[in-house]
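# A structural walkthrough
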Amino acid sequence: MMLHMTEKSSGYFENLWVWVADHEIGDKDQIQINISTARGGLIESQDTTWLWGIASEHFVLYQYQISGACNLVMGLIQTEESYFQSSPKALAPFEGGLSPSRTIQHSQTAHPAPISVPWPGRCASSTRQMSMPSVLATARPA
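This report concerns the structure included in the present document.

Definitions and cut-offs
- Residues numbered from 1 in each chain as written.
- Predicted model: local features only at pLDDT ≥ 70, side-chain atom pairs only at ≥ 80, totals over all residues.
- Heavy atoms only, no water.
- Buried < 20%, exposed > 50% of the residue type's maximum accessible area, 1.4 Å probe, protein only.
- Pairing = 2+ DSSP bridges.
- Helix = DSSP H or I, 4+ residues; strand = E, 2+ residues; numbered from the N terminus.
- Axes fitted to C-alpha atoms, helices over the stretch in contact; angles between N-to-C directions.

## Remarks on unusual backbone geometry
- Located in the positive-phi region is H58, a residue other than glycine, with phi close to 75°.
- Assessed through its relative accessible area of 0%, H58 is described here as buried.
- The backbone of L76 sits at a positive phi, close to 55°, despite the residue not being glycine.
- The exposure class of L76 is partly exposed, given its relative accessible area of 47%.

Following this line, the structure appears as structure tokens:
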């Protein structure tokens, strides 16, 4: 997991980019490399938190998961899924198993079918949230 805001955390985050390098930009052909990182940002903050102009990219299960958070403002957020998805499916790189985590249990509960692509953003059991105009979409390269 690249970013974890625990229940007791809060803050103002601006111009934050959490990213997994899953393609070789130093090569003129930008060849794909398969680096699989399961989770982007898990936000559980209970105190006032602002996330403004943030990006989460190339994680295999989710880019953002808001779980049990309250008093949260997110604006101008951006996501992009891994370049290699949807082949293999999202859980395939972790066939040996993931470490125990309620974030995986949440994902499987909310989406009982096999997860084939990551969630751009997922919100569960949260209150008092506001999302400003945002770019919340996944890009599928040709």
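## Overview of the sheet that holds strand β9 (residues 78-80)
- Judged by pairing direction, the sheet is parallel, and its three strands sit side by side in the order β3-β6-β9 without closing on themselves. Of all strands in the sheet, those with a lone pairing partner are β3 (17-19) and β9, marking the two edges. For this sheet the average axis-to-axis angle between neighbouring strands, irrespective of direction, equals 5°.
- Here three bridges tie β3 to strand β6 (residues 55-57), and the two strands are oriented parallel to one another. Residue pairing for β6: W17 is matched across the bridge by A55.

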